[in-house]
Amino acid sequence: MEDWFRANGAEYSYIATENDNQASIELFNNKCGYSKFRTPSILVQPVFAHRVRVSTRVTIIKLSPSDSETLYRRRFSTTEFFPRDIDSVLNNKLNLGTFLAVPKGLYSDQTWPGVDEFLASQPESWAVLSVWNCKDVFNLEVRGASRMTRFLAKTTRLLDRAFPWLKLPSVPEVFRPFGLHFLYGLGGEGPLAVKFVKSLCDFAHNLAKEARCSVVATEVASQEPLRLAIPHWKKLSCAEDLWCMKRLGEDYSDGSVGDWTKSQPGLSIFVDPREV
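Procedures and definitions
- Residues numbered from 1 in each chain as written.
- Predicted model: local features only at pLDDT ≥ 70, side-chain atom pairs only at ≥ 80, totals over all residues.
- Heavy atoms only, no water.
- Buried < 20%, exposed > 50% of the residue type's maximum accessible area, 1.4 Å probe, protein only.
- Helix = DSSP H or I, 4+ residues; strand = E, 2+ residues; numbered from the N terminus.
- Pairing = 2+ DSSP bridges.
- Core = buried A, V, L, I, M, F, W, Y, C linked by side-chain atoms within 4.5 Å.
- Contact = heavy atoms within 4.5 Å.
- Salt bridge = Lys/Arg side-chain N within 4 Å of Asp/Glu carboxyl O.
- Polar contact = N/O pair within 3.5 Å; in protein donor to acceptor, adjacent residues only side chain to side chain.
- Patch = residues over 30% accessible without salt bridge, like charges linked within 9 Å, V, L, I, M, F, W, Y side chains within 5 Å.
- Areas by Shrake-Rupley, 256 points an atom, 1.4 Å probe, with all protein chains shown as cover.
- Lys, Arg positive; Asp, Glu negative; His and termini not counted.
- Charge placed at Lys NZ, Arg CZ, Asp CG, Glu CD.
- Axes fitted to C-alpha atoms, helices over the stretch in contact; angles between N-to-C directions.
- Expected span 1.5 Å × (residues − 1).
- Arc of directions from axis to C-beta.
- Phe/Tyr/Trp six-rings, centres within 6.5 Å; stacked < 30°, edge-to-face > 60°.

Undergrad: Before we go on, may I ask you to explain the pairing of strand β8 (residues 215-220) in this structure?
TA: The side chains of a regular strand alternate, first on one face of the sheet and then on the other. Judged by how many residues are buried, β8 sits mostly within the fold: six of six residues are covered. Burial along β8 is two-sided: Val215, Ala217 and Glu219 and Val216, Thr218 and Val220, pointing in opposite directions, are all buried. Alignment of strand β3 (residues 41-46) against β8, held across six bridges, turns out to be antiparallel. Looking at β8, one finds that valine 44 is bridged to alanine 217. Sheet topology places strand β7 (residues 180-189) next to β8; four bridges connect them, and they run parallel. Residue pairing for β8: leucine 183 is matched across the bridge by threonine 218.

Given below as structure tokens:
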């Protein structure tokens, strides 16, 4: 694979594994020459049988692919792993849309001026995320759960259906094949960015419910400032995924970056949904 990478002009190779998978770490780090690079977090939220409430203090606008591209290139192009062909990602049929959260009353779908004017106005607070439809590509399934675990999970669903007005958090049916939506391109600016990301995640939950998905997932840097706003269940999530990096050659210029394998981690990463 690395020979194929080099033949196609790749300067680095990176892989991902679980942080506690000692066999993989031994293979990659000690035998194949990879270095531990980043430890992002995979955050997974179950999709409940009921819709979750989205804050009424936020307006959520669906951006066009061109507006989405402009916003991402102007605000996220220096983020680690940002794809140069972000336009291909945003125009892919699996991309369900890019959604922008702004203060209530600032704009509406009818008064949206376009991203150029929006950024020129220097808004105090905003947040953005995109949704990728993994359900049409693959399904997942949780195996090895005990009968007691399955029974308790089913009980939460029965209670939720019997008392829907209570909106109890229930465990979806994850013990048979299920689909998911992946959230990527999360970001924002301003003092209300955290609250706006929470509203966008709630909005994405409801979108996944309409699509009959069982979970919503995302992956963020371990030091991501907006991480606290992302709803997730610890038992379904992975606190530390492990990315390992290897430099493939010495015959190219490092430019201003230097050897990427030795660079310090930034606060954020941009996870390309095509790699999920």
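Having seen it, we continue.
Undergrad: Teacher, can you tell me more about the nonpolar core here?
TA: What tends to happen in soluble globular proteins is that the nonpolar side chains get buried as a cluster. Leu71, Tyr72, Leu100, Trp112, Phe118 and Trp126 are the most contacted members of the largest nonpolar core, which has 40 residues in total. Aside from chain neighbours lying at most four places away, what touches tryptophan 126 is Leu71, Arg75, Phe76, Leu100, Ala101, Val102, Phe118, Gly187, Gly188, Glu189, Ala193 and Phe196. In this structure, Ala127, Val216, Val220 and Ala229 belong to the second largest nonpolar core, which totals 24 residues.

Undergrad: Sorry, what's going on with the pattern of salt bridges here?
TA: Pairs can form between side chains of opposite charge once their charged atoms are near each other. Following the criterion strictly, the structure yields 14 salt bridges and no others. A network of salt bridges, in which partner residues are shared, links Glu69, Arg73 and Asp87.

Undergrad: Can you walk me through the side chain of threonine 218 in this structure?
TA: Inspection of the secondary structure puts threonine 218 in strand β8. For threonine 218, a relative accessible area of 2% translates into the label buried. A polar contact of 2.7 Å, which involves the side chain of threonine 218, links it to the backbone oxygen of leucine 183. Excluding anything up to four places from it in sequence, threonine 218 contacts Ser41, Ile42, Leu43, Phe182, Leu183, Leu186 and Ile230.

Undergrad: Quick question: what am I supposed to make of a positive patch on the surface here?
TA: Taken together, Arg53, Arg57, Lys167 and Lys195 make up a surface patch of like positive charges. Of note, lysine 167 is situated in the loop between α6 (147-162) and β7. Since its relative accessible area comes to 46%, lysine 167 is described here as partly exposed.

Undergrad: Help me understand the sheet that holds strand β6 (residues 126-133), please; the structure alone is not making it clear to me.
TA: Pairing between the strands of a sheet comes from backbone hydrogen bonds, and it takes one of two forms, parallel or antiparallel. Read from one edge of the open sheet, six strands run β3-β8-β7-β6-β5-β4, paired in mixed fashion. Each edge of the open sheet carries a strand with a single partner, namely β3 and β4 (58-63). Across the sheet, the mean angle separating the axes of adjacent strands is 25° when strand polarity is ignored. For strand β5 (residues 95-103) and β6, the ladder comprises six bridges, and the chain directions are antiparallel.

Undergrad: How should I be thinking about the environment of valine 44 in this particular structure?
TA: Among the structural elements, valine 44 can be located in strand β3. Under the relative-accessibility criterion, valine 44 is labelled buried at 10%. With 136 residues separating them along the chain, valine 44 and leucine 180 place their C-alpha atoms 9.7 Å apart. Sequence-distant contacts of valine 44, that is, excluding residues within four places in its chain, are made with Val215, Val216, Ala217, His232, Trp233, Leu236 and Ser237.

Undergrad: Explain the side chain of aspartate 160 to me, please; I cannot follow it from the model alone.
TA: With respect to the helices and strands, the residue aspartate 160 is situated in helix α6. It is arginine 161 that comes nearest to the buried, bridge-free aspartate 160 among opposite-charge side chains, at 7.1 Å. Residues in contact with aspartate 160, not counting those within four places in the same chain, are Ala49, His50, Lys167, Leu168 and Ser170.

Undergrad: Honestly, helix α3 (residues 65-76) in this entry has me stumped. Any pointers?
TA: Given 3.6 residues per turn, any residue in an α-helix points the same way as the ones three and four places further on. Here α3 is twelve residues long and its end C-alpha atoms lie 15 Å apart, about the 16 Å a rise of 1.5 Å per residue gives. Within α3 the residues assigned to the buried category are Asp67, Ser68, Leu71, Tyr72 and Phe76. Taken end-on, α3 shows its buried residues confined to a sector of 130°, consistent with a single buried face. Contacts from the buried residues of α3 go to β4, α4 (86-90), β5, α5 (115-120), β6 and β7.

Undergrad: Where do I start with the packing of aromatic side chains in this structure?
TA: Working definition: an aromatic ring pair is given by the centre-to-centre distance plus the angle between the planes. Throughout the structure, instances matching the rule amount to 21 aromatic pairs. Centroid distance tryptophan 4 to phenylalanine 5: 6.0 Å. Interplanar angle 65°. Geometry classified as edge-to-face. Since its relative accessible area comes to 55%, tryptophan 4 is described here as exposed. Taken together, the aromatic side chains of Tyr12, Tyr14, Phe37, Phe81, Trp243 and Trp260 make up a single cluster linked through ring pairs.

Undergrad: Please clarify how the environment of glycine 185 should be interpreted in this entry.
TA: Of note, glycine 185 is situated in strand β7. Among the residues examined, glycine 185 registers a relative accessible area of 7% and is labelled buried. As for glycine 185 and serine 222, which are separated by 37 residues in sequence, their C-alpha atoms are 15 Å apart.

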